[in-house]
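Below are the chains, spelled out letter by letter.
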Amino acid sequence: MSAKAYAVPEEEQAKWRDIIFEEQPYLANVYPGDTRSIGIIFCIDRAEVEYFNLGVNPIFRDTYTLGGGTITKKGYNITEKCIGCGKCRTKCPQRCIEEGKPYRILQNHCLHCGNCYENCPVKAIVRE
């Protein structure tokens, strides 16, 4: 996650603390009695969250935003310079490159490892 975090104004700390403890009663085990006032309540704003599931093959990744965040393009793309040799596809550990004109990287399954980029004989792959 990439975001901006800031403390809730002092006059709202108790209100939000009560809401959090009401919605998540198990926190009373972590902060019993009056110890729950030691924490500072904060907000997360303009967040970009990247989710990875490395327990499946191919891997799964997705990016989403919170509080007005924006998604920054990352990874690799195959340009029109592609000659269709397929070397990138054979070097991809997740097998997430599809044939086509040009070949295409399935971004939700890409590790962003750069193996395709490193092995393209005509430098048709660009890093975002």
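Above this text is the structure in question.
Summarised in this report is the structure supplied together with it.

Here is what the cut-offs are and how they apply
- Residues numbered from 1 in each chain as written.
- Predicted model: local features only at pLDDT ≥ 70, side-chain atom pairs only at ≥ 80, totals over all residues.
- Heavy atoms only, no water.
- Phe/Tyr/Trp six-rings, centres within 6.5 Å; stacked < 30°, edge-to-face > 60°.
- Helix = DSSP H or I, 4+ residues; strand = E, 2+ residues; numbered from the N terminus.
- Polar contact = N/O pair within 3.5 Å; in protein donor to acceptor, adjacent residues only side chain to side chain.
- Contact = heavy atoms within 4.5 Å.
- Pairing = 2+ DSSP bridges.
- Axes fitted to C-alpha atoms, helices over the stretch in contact; angles between N-to-C directions.

**With respect to the packing of aromatic side chains**
Right, so step 1: On inspection of all chains with the given rule, the structure shows three aromatic pairs.
Right, so step 2: Judged by centre distance (5.5 Å) and plane angle (40°), the rings of Y76 and Y117 are tilted. With a gap of 41 residues between them, Y76 in strand β4 (residues 76–78) and Y117 in helix α4 (residues 115–119) connect regions that are remote in the sequence.

**Digging into the side chain of R61**
Right, so step 1: Relative to the helices and strands, R61 is located in strand β3 (residues 60–66).
Right, so step 2: A distance of 3.0 Å separates the side chain of R61 from the side chain of E50, its partner in a polar contact.
Right, so step 3: Among the polar contacts listed, one links the side chain of R61 to the side chain of H112, at a separation of 3.5 Å.
Right, so step 4: In contact with R61, not counting residues within four places along its chain, are E50, Y51, F52, Q107, N108, C110, L111 and H112.

**Quick word on the sheet that holds β3**
Right, so step 1: Strand order in the open sheet made by the three strands is β1-β2-β3, with antiparallel pairing throughout. The sheet is open, and its two edges are formed by β1 (2–7) and β3, each paired on a single side. The sheet shows a mean angle of 20° between the axes of neighbouring strands, taken without regard to direction.
Right, so step 2: One ladder, built from seven bridges, connects strand β2 (residues 42–53) with β3; its direction is antiparallel. Among the inter-strand pairings, Y51 is bridged to a residue of β3, identified as D62.

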